[in-house]
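Examining the three-dimensional arrangement
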Amino acid sequence: MADVGMAMSGPRGAKPKRALSPRNIMLYGILIMVCVYYLLPLWVMVMTSLKGMPEVRLGNIFSPPVEITFQPWVKAWSEACTGLNCDGLSRGFWNSVIITVPSVILSIAIASVNGYALINWKFKGSDVFFTILIFGSFIPYQIMLYPIVILLREAGLYGTLWGLVIVHTIFGMPILTLLFRNYFSSIPEELFKAARVDGAGFWGIYFRIMLPMSLPIFVVALILQVTGIWNDFLFGVVYTKPDLYPMTVQLNNIVNSVQGVKEYNVNMAATVLTGLVPLIVYFVSGKLFVRGIAAGAVKG
Amino acid sequence: MGNSIEVKDLTLNFGSVSVLKNMNLDVAEGEFVVLLGPSGCGKSTLLNCLAGLLDITDGQIWIKGNNVTWSEPSERGIGMVFQSYALYPQMTVRGNLSFGLKNAKVPQPEIDKRIARAASILQIEPLLDRKPAALSGGQRQRVAIGRALVRDVDVFLFDEPLSNLDAKLRSELRVEIKRLHNQLGNTMVYVTHDQIEALTLADRIAVMKGGVIQQLAEPLEIYNRPSNLFVAGFIGSPSMNFLKGRTIEGGRAFQFGATRIDLAGYDGGAVLERDDAILGVRPEHITVSTTPVPGPSIPAEVEIDEHLGADSLLWLKAEGANMSVRVPVEGRLPPGTKVHLGLDIPKASLFDVKTEQRI
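Predicted model, so just to flag it, every value in this text is computed and none were measured.

As a further point, take the overall build of chain A. Check the secondary structure of chain A and you find 14 helices and 0 strands. Taken over the C-alpha trace, chain A has a radius of gyration of 26 Å; the compact-globule value for 300 residues is 19 Å, which it surpasses by more than 25%. Projected onto its principal axes, the C-alpha positions of chain A cover 90 × 65 × 30 Å. Taken across its 300 residues, chain A has 41% of its residues classed as buried.

Next up, the structure:
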């Protein structure tokens, strides 16, 4: 027994850790600095948007509001004027929703089937087709801006929401197809073969085998498309008319309006409102996003 | 009894690469045929062609008297078991088993009946409502076999089904597959690179290399009378001893270094006199003695002595060539011992070096 006592007298169990080691100070110090750096603009925006104009003019942009007012938010949403319309961002918001929802659904639906077909149903020239598709993602948008105007005009879709939806769907195709193709290529081929022996066809395998295994990559595609299409300005301003301008264009028109006093508080509120949708999407699906990006990156 | 599978002049090219060359293979009803060969020999490719998962370049495939060359995999009357199990991860075991039947629009009562039967044969009843992730490797492979079983087909195709399992489980499932075959009497085509699986399971073995069947015969025939040098070297562990020499005296004897080996009793064709010949003898068909034996014997020296438990392997040097001999445990000899080797000529094989064929 004495021996056991001796053996147990030394250090034992988990090694104690100091909270304030140099390593921790460095680590958390840098993290806090980076956080401040990124959060400061947001702080300024939110604080300014909660102040009345007299308080804004004092110029203390970092200080919290003395008197909190939500009037700028209300104005940004429903009263600010752009051109002839004075119904604020709300019109742009609903336009953006009407543009984003079908564009996201359509582009993801087509791209996922593309990726699935390119991996599992190889046809003659499928690799060439894929290469051409990927090449498309390297061409600057500006080159295609005017030709697309003509194409849409000829198709009678110029200046309509559906025209813009089609443009978004096409421009999302290269990167989304790449994303889905790489993800599907990480699903074992034998699974696909087994399903074929089990008598499932092209759509049967896609819906019953591939889709249920691919939730993470669908979330990634969803986030990429929602943020990308929501934040789009160029296509929105080129291919639609003022009635149908998306939120980003509306925001620009409010912030850059030349007549009258610059209402910084309203501008800040409008900007935060516009950025809210992508922000919410990130927060809700952040974990899946990271997992999906990693999963898609394994093979390629 | 008719043939269950007939492969006629099957050719498969990937671009300019020829993978299967003008292959012919008949598998009788209820027969267990093993396709055996090193990786890249085309054995899995042939199986995928049979299953309809690869489009062939030329030739025909008949299953059960139907020309299925252009048929979909599900219409060929086959069930397939894959190396990686290939269970659908999002479905329960029951879902995995019923997936193919639902696709074929089999009525639900019939589905339930078939699943119950397969589950009882494979003893997986308690697992039916689990997901594949909650199963061990052996259980997963049982479910994979079950998926072929419920299809109620005549032909089972196995693509290295045991390669992902550990040694103990592998031998257990091997016996189980054999039992399944005896019980069901289905035609089975089984791909493996493991010769023990091939020798134990097969009614006939097709040894493949380079997209060509080298020999198609019963396991013992393949083991005892390999048709060429490749088959002789591939089957058996440790592999056959190859003694390079020439045949003399009109084919009555074999000259190996300084030793003349009488070929009386050789089981084969006309030996004739050949300048380049190889005498192949399996490690267990050589006797070792420390004193000169009557008749011709090869002088050799023990280099290494390996203890295998049931018996022992002696690695020797004879006339500059390495040889291995299987001896009983009590026959072990320390390295450096000078010995004399006697060969069991009726069980040996002679090969022509130029054609590589058995004489």
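Next, the rest of the story.
This brings us to the overall build of chain B. Of the regular secondary structure elements, chain B holds 8 helices and 20 strands. Over its C-alpha atoms, taken along the principal directions, chain B stretches across nearly 75 × 45 × 40 Å. Residues counted as buried form 52% of the 359 residues belonging to chain B. Contacts spanning at least 24 positions in sequence make up 66% of the contacts within chain B whose residues lie at least 6 apart. Accessible surface for chain B amounts to roughly 15600 Å². Of this, 50% is attributable to carbon and sulfur atoms. Averaging the positions of the 38 positive and the 42 negative side-chain charges in chain B gives two centres separated by 4 Å.

Next up on the list: helix α10 (residues 202-213) of chain A. Here α10 of chain A spans 16 Å end to end across 12 residues, near enough to the 16 Å set by a 1.5 Å rise per residue. Considered for burial, the residues of α10 of chain A that qualify are Ile205, Tyr206, Ile209 and Met210 of chain A. The arc that holds the buried residues of α10 of chain A, viewed along the axis, is 130°, so those residues lie on one side. Tucked inside the fold, the buried residues of α10 of chain A contact α5 (90-120), α8 (161-185), α9 (189-197) and α11 (215-231) of chain A together with α2 (93-103) of chain B.

Between chain A and chain B, the residue contacts involve 14 residues of the former and 26 residues of the latter. Together, the buried faces of chain A and chain B total about 1700 Å²; carbon and sulfur atoms form 59% of this surface. On the chain A side of the contact with chain B, Glu190, Val197 and Asp198 of chain A bury the most area, a combined 39% of that side's loss. Taken together, chain A and chain B are joined by 2 salt bridges. Arg196 of chain A is the salt-bridge partner of Glu72 of chain B, the closest N and O atoms lying 3.3 Å from each other. In this assembly, chain A and chain B are joined by 9 residue pairs in polar contact (both at pLDDT 80 or more). Of all elements in the fold, only α9 and α10 of chain A reach the threshold of two or more residues within the side of chain A that touches chain B. Of all the elements, α9 of chain A adds the most residues to the side of chain A that touches chain B, at 7 residues. Grouping the constituent residues of the side of chain A that touches chain B by class yields 8 nonpolar, 1 polar and 5 charged.

Residue and element names in this part refer to chain B. With domains assigned, chain B is organised as domain 1 (3-234) and domain 2 (241-352). Relative placement of domain 1 and domain 2: their C-alpha centres are 39 Å apart. Of the roughly 770 Å² buried where domain 1 meets domain 2, counting both sides, 52% is carbon and sulfur surface. At the junction of domain 1 and domain 2, the tally comes to 1 salt bridge. We note a salt bridge from Asp267 to Arg225, for which the minimum N-O separation is 2.9 Å. Of all the secondary-structure elements, those providing two or more residues to the side of domain 1 that touches domain 2 are α7 (219-224) and α8 (229-234). Here the residues of the side of domain 1 that touches domain 2 are counted per class, giving 5 nonpolar, 4 polar and 1 charged.

On to empty space enclosed by the protein, then. According to the stated counting rule, one finds 2 cavities of 30 Å³ or more in the structure shown. Of the pockets and cavities examined, the largest cavity occupies roughly 50 Å³. Along the walls of the largest cavity sit Ala194, Val197 and Asp198 of chain A together with Met80, Phe82, Arg147, Ala148 and Arg151 of chain B, which together make up its complete lining. Those elements giving two or more residues to the lining of the largest cavity turn out to be α9 of chain A together with α4 (137-149) of chain B. Looking at side-chain class alone, the lining of the largest cavity contains 5 nonpolar, no polar and 3 charged residues. Estimates place the volume of the second largest cavity at around 40 Å³. As for the second largest cavity, its lining consists of Ser96, Ile99, Thr100, Leu164, His168, Ile229, Trp230, Asp232, Pro246 and Thr248 of chain A. Of all the secondary structure elements, the ones that give two or more residues to the lining of the second largest cavity are α5, α8 and α11 of chain A. Sort the elements by how many residues they give to the lining of the second largest cavity and α5 of chain A lands first, with 3 residues.

The next subject is the nonpolar core. Ranked by internal contacts, the top residues of the largest apolar core, which has 79 residues, are Tyr239 of chain A together with Leu10, Leu20, Leu35 and Leu157 of chain B. With 10 residues, the top contributor of residues to this core is α8 of chain A. Membership of the second largest hydrophobic core comes to 48 residues, among which are Val143, Ala148, Val150 and Val153 of chain B.

Now for the layout of surface pockets. Residues and elements named next belong to chain A. The calculated volume of the largest pocket comes to roughly 590 Å³. Around the largest pocket, the lining comprises 27 residues; the ones closest to its centre are Tyr141, Ile170, Phe171, Gly172 and Pro174. For the lining of the largest pocket, the secondary-structure elements that each account for two or more residues are α6 (126-136), α7 (141-155), α8, α11 and α12 (234-239). For the lining of the largest pocket, the element with the highest residue contribution is α8, accounting for 9 residues. Estimated volume of the second largest pocket: approximately 480 Å³. Around the second largest pocket, the lining comprises 17 residues; the ones closest to its centre are Ile119, Asn120, Lys122, Glu189 and Phe192. Class assignment of the residues belonging to the lining of the second largest pocket gives a composition of 8 nonpolar, 3 polar and 6 charged.

With that settled, consider a nonpolar patch on the surface. All names here are of chain A. A grouping of Leu27, Tyr28, Leu31, Ile32, Val36, Leu40, Trp43, Ile61 and Phe62 is seen on the molecular surface, where their side chains present a nonpolar patch of about 860 Å² in accessible area. Looking at the secondary structure, you find Leu40 in helix α2 (residues 22-49). Judged by its relative accessible area of 37%, Leu40 falls in the partly exposed class.

This brings us to the sheet that holds strand β1 (residues 3-14) of chain B. All names here are of chain B. If you walk across this open sheet you meet the 4 strands as β2-β1-β4-β5, and the pairing is antiparallel. Edge strands, defined here as strands with exactly one partner in the open sheet, are β2 (17-28) and β5 (66-67). Strand direction decides the pairing type here: β1 and strand β4 (residues 58-63), joined by 5 bridges, are antiparallel. Among the inter-strand pairings, Thr11 is bridged to a residue of β4, identified as Asp58.

We now examine the side chain of Ser349 of chain B. Residues and elements named next belong to chain B. Locating Ser349 in the fold gives a position in strand β20 (residues 349-352). With relative accessibility at 0%, the residue Ser349 sits in the buried group. Not counting chain neighbours up to four residues away, the residues in contact with Ser349 comprise Asn224, Pro226, Met240, Tyr266, Ile278, Leu279, Gly280 and Arg358.

About the criteria used
Sequence order sets the numbering: in each chain, residues are counted from 1 along the sequence as written. Written order decides the labels, with chains lettered from A and ligands numbered from 1. Thresholds applied to this predicted model are a pLDDT of at least 70 for local features of residues and 80 or more for the giving and counting of side-chain atom pairs; totals over whole chains, interfaces and linings are not thresholded and use all residues. As a convention, hydrogens and water are excluded, and side-chain values are obtained from all of the structure's heavy atoms. Runs of E in the DSSP output that reach at least two residues are strands. Runs of H or I that reach at least four are helices, and both are numbered from the N terminus. Only C-alpha atoms enter the radius of gyration; for comparison, a globular chain is expected to reach 2.2 Å times N to the power 0.38, where N is the number of residues. For the exposure calls, accessible area comes from a 1.4 Å probe over protein chains only, and a residue counts as buried if that area is under 20% of its type's maximum, exposed if over 50%, partly exposed in between. In this description, contact between two residues means that some pair of their heavy atoms is separated by no more than 4.5 Å. Per-residue and other accessible areas follow the Shrake-Rupley method at a 1.4 Å probe size, with only the shown protein chains counted as cover for residues. Under this rule, positive means Lys or Arg and negative means Asp or Glu; His and the chain ends count for nothing. By convention, the charge on Lys lies at NZ, on Arg at CZ, on Asp at CG and on Glu at CD. One less than the number of residues in a helix, times 1.5 Å, gives the span that helix is expected to have. The arc in question is formed by the directions pointing from the helix axis toward the C-beta atoms. Note: buried area is the sum, over both parts, of the accessible area (probe 1.4 Å) each one loses when the two are combined. We count a salt bridge whenever a side-chain nitrogen from Lys or Arg sits within 4 Å of a carboxyl oxygen from Asp or Glu. Definition of a polar contact: a pair of N or O atoms within 3.5 Å, with one able to donate and the other able to accept a hydrogen when the atoms are protein atoms, and with sequence-neighbouring residues admitted only if both atoms are side-chain atoms. When residues are grouped by polarity, Ala, Val, Leu, Ile, Met, Phe, Trp, Tyr, Cys and Pro land in nonpolar, Asp, Glu, Lys and Arg in charged, and all others, Gly among them, in polar. All the domain ranges listed were derived from an automatic or database domain assignment. Definitions used throughout: a 1 Å grid over protein atoms alone; a cavity as a set of points that fits a 1.4 Å probe which cannot get out; a pocket as an open set with protein on both sides within 12 Å along at least five of seven lines; a lining residue as one with an atom within 4 Å of a point. Grid points are joined across faces, edges and corners, and a volume is the space filled by probe spheres set on the points. Residues belong to one nonpolar core when they are buried, are Ala, Val, Leu, Ile, Met, Phe, Trp, Tyr or Cys, and are joined through side-chain atoms within 4.5 Å. Patch criteria: residues need more than 30% relative accessible area and no salt bridge. Like-charged residues are merged within 9 Å; nonpolar side chains of Val, Leu, Ile, Met, Phe, Trp and Tyr are merged within 5 Å. Any two strands between which DSSP finds at least two bridges are classified as paired.

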